[in-house]
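A closer look at the structure
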Amino acid sequence: METRESSNTAQPPPTPAEAEAALGDVEQARASISDIRTPLWYFLAVGAWIAPVGPLMSLVPDLPLGPAIFLGGLAVWAAGLAGIVHLVVKRMRVLAWLTPRQMLPLAVIMLPVLVAYIVLEGVLDLSWATNALTVAVGVGIIVFGIHHRFRGGTAS
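Residues numbered from 1 in each chain as written. Predicted model: local features only at pLDDT ≥ 70, side-chain atom pairs only at ≥ 80, totals over all residues. Heavy atoms only, no water.

**Some details on the environment of leucine 59**
How we decide: A run of DSSP states H or I qualifies as a helix once it reaches four residues; a run of E qualifies as a strand once it reaches two. Both are numbered from the N-terminal end.
Positionally, leucine 59 belongs in the loop between helix H4 (53-57) and helix H5 (66-92). Sequence-wise, leucine 59 and arginine 149 are 90 residues apart; in three dimensions their C-alpha atoms are separated by 35 Å.

**A closer look at the packing of aromatic side chains**
For clarity, the threshold we go by: Classification of ring pairs uses Phe, Tyr and Trp, with its six-membered ring standing for Trp, and accepts pairs whose centres are within 6.5 Å; under 30 degrees between planes counts as stacked, over 60 as edge-to-face, and the remaining range as tilted. Only protein chains enter the accessibility calculation, which uses a 1.4 Å probe. A residue is then buried if its area is under 20% of the maximum for its type, exposed if over 50%, and partly exposed in between. When the NZ atom of lysine or the CZ atom of arginine is within 6 Å of a ring's centre and also within 35 degrees of its normal, the charge is said to sit over that ring.
Scanning the entire structure with this criterion turns up 2 aromatic pairs. On the basis of an interplanar angle of 70 degrees and a centroid distance of 5.5 Å, the ring pair of tyrosine 42 and phenylalanine 43 is categorised as edge-to-face. We note that tyrosine 42, like phenylalanine 43, is buried. Ring centres of phenylalanine 43 and phenylalanine 144 lie 5.6 Å apart, and the angle between their planes is 85 degrees; this geometry places the pair in the edge-to-face category. Residue phenylalanine 43 is located in helix H3 (residues 40-50), and its partner phenylalanine 144 is located in helix H7 (residues 129-152); the two are separated by 101 residues in the primary sequence. By relative accessible area, phenylalanine 144 is classed as buried at 3%. A connected cluster of aromatic rings, assembled from ring pairs, spans Tyr42, Phe43 and Phe144. Above the plane of the ring of tryptophan 41 lies arginine 91, whose end atom (NZ or CZ) is 5.8 Å from the centre.

**Side note on the layout of surface pockets**
Worth spelling out the cut-off: Of the two site types, the cavity is a set of points on a 1 Å grid over the protein atoms alone where a 1.4 Å probe fits but cannot get out, and the pocket is an open set with protein on both sides within 12 Å along at least five of seven lines, each lined by residues with an atom within 4 Å of a point. Grid points are joined across faces, edges and corners, and a volume is the space filled by probe spheres set on the points. Nonpolar residues are Ala, Val, Leu, Ile, Met, Phe, Trp, Tyr, Cys and Pro. Charged residues are Asp, Glu, Lys and Arg, and all others, Gly as well, are polar.
In this structure, the largest pocket occupies an estimated 420 Å³ of space. For the lining of the largest pocket, the elements supplying multiple residues, two or more each, are H3, H5, helix H6 (100-123) and H7. Top contributing element to the lining of the largest pocket by residue count: H5, with 5 residues. When its residues are assigned to classes, the lining of the largest pocket shows 18 nonpolar, 1 polar and no charged.

**Section: a nonpolar patch on the surface**
Cut-off, in case you're wondering: Nonpolar side chains (Val, Leu, Ile, Met, Phe, Trp, Tyr) within 5 Å and like charges within 9 Å form the patches, drawn only from residues with over 30% relative accessible area and no salt bridge. Each accessible area is a Shrake-Rupley result for a 1.4 Å probe, and residues are judged covered by the shown protein chains and nothing else. Every case where a carboxyl oxygen of Asp or Glu lies within 4 Å of a side-chain nitrogen of Lys or Arg is listed as a salt bridge.
A surface patch of nonpolar side chains, about 460 Å² in accessible area, is lined by Leu111, Val115, Val119, Val123 and Leu124. Overall, valine 115 belongs to the partly exposed group, its relative accessible area being 45%.

**Observations regarding the environment of isoleucine 36**
We apply this condition: The criterion used for residue contact is that any of the two residues' heavy atoms lie within 4.5 Å.
With respect to the helices and strands, isoleucine 36 occurs in the loop between helix H2 (16-34) and H3. For the pair formed by isoleucine 36 and methionine 92, sequence separation is 56 residues and the distance between their alpha carbons is 7.6 Å. With near-sequence residues (within four places) excluded, isoleucine 36 lies in contact with Met92 and Val94.

Honestly, it's all geometry; don't read function into it.
Listed below in structure tokens is the structure:
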């Protein structure tokens, strides 16, 4: 709903110089954000947080305490992961999503991990494969982080 004040005070369009200056500010902000790279400690922390999940799951007892311990552990784990993500966003001062091109090395790392898991668990029926999967995923995230930070981290 319009008020009298807003209907009587029409804003003049910006001058070409003002528009050019505003566009320059936007381009400068975009360029400064594109130079931001996710710090290596983030990938190390996430990988280290994910890796022990499988082995720890094998320690959860059966009924009656097992489900309660599992749910409590899941809540602590999720809160810890949220804390790591919050900390990196707070330190970077921006939530920067990686582009599909930047994520390609992660897919290249994780595809052999998943194939190995399928072979170990599905074909060879090795019971420890499920516990080892999170360790392999955690290590894969760390390897990806090293690659991203030192080779592929620039925005495309």
